[in-house]
Amino acid sequence: MARSSAAGANIEIANGAAIDAKSQVLAAIGRLVADGKAEWRRTATGEIELRLSSGELFVLGEVAVTRVA
């Protein structure tokens, strides 16, 4: 069954919203780092870890953020 042009447009909008949301999250994390409230680093395995000054540790994945500690 063929996909309608409206469905294709909805997918493009959803993809654009996801990209925009990701850029907003990365910008917010960048502000935390710039303000000295967090540090981020790339691990030996290539993952990006974000450690907040309050002690929480997160791994930033391609499509998700995982709290480690």
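Residues numbered from 1 in each chain as written. Predicted model: local features only at pLDDT ≥ 70, side-chain atom pairs only at ≥ 80, totals over all residues. Heavy atoms only, no water.

How should the pairing of strand β3 (residues 57–60) be read in this particular structure?
Within a regular strand, the side chains alternate between the two sheet faces. Across the two faces of β3 the burial is the same, with L57 and V59 and F58 and L60 all buried. Sheet topology places strand β2 (residues 48–52) next to β3; four bridges connect them, and they run antiparallel. Its bridge partner being in β3, L50 is matched across the sheet by F58. Where β2 hands over to β3, the hairpin turn is made up of four residues, of which G55 adopts a positive phi near 110°. Of the pairings in the sheet, the one linking β3 to strand β4 (residues 65–67) comprises three bridges and is antiparallel in character. Its bridge partner being in β4, F58 is matched across the sheet by R67. Hairpin connection from β3 to β4: four residues lie between these consecutive antiparallel strands. (Buried < 20%, exposed > 50% of the residue type's maximum accessible area, 1.4 Å probe, protein only. Helix = DSSP H or I, 4+ residues; strand = E, 2+ residues; numbered from the N terminus. Pairing = 2+ DSSP bridges.)

It is not clear to me how the sheet that holds β3 should be interpreted in this structure. Could you clarify?
Strands in a sheet are paired, the pairing made by backbone hydrogen bonds, and the direction either parallel or antiparallel. In space, the four strands of this open sheet follow the order β1-β2-β3-β4, with antiparallel pairing throughout. The strands lining the two open edges of the sheet, one partner per strand, are β1 (38–42) and β4. Ignoring which end each strand starts from, the neighbouring axes of this sheet average 25° apart. In this sheet, β2 lies alongside β1 in antiparallel orientation, the contact comprising five bridges. Residue E39 lies in a different strand from β2, and its bridge partner there is R51. (Axes fitted to C-alpha atoms, helices over the stretch in contact; angles between N-to-C directions.)

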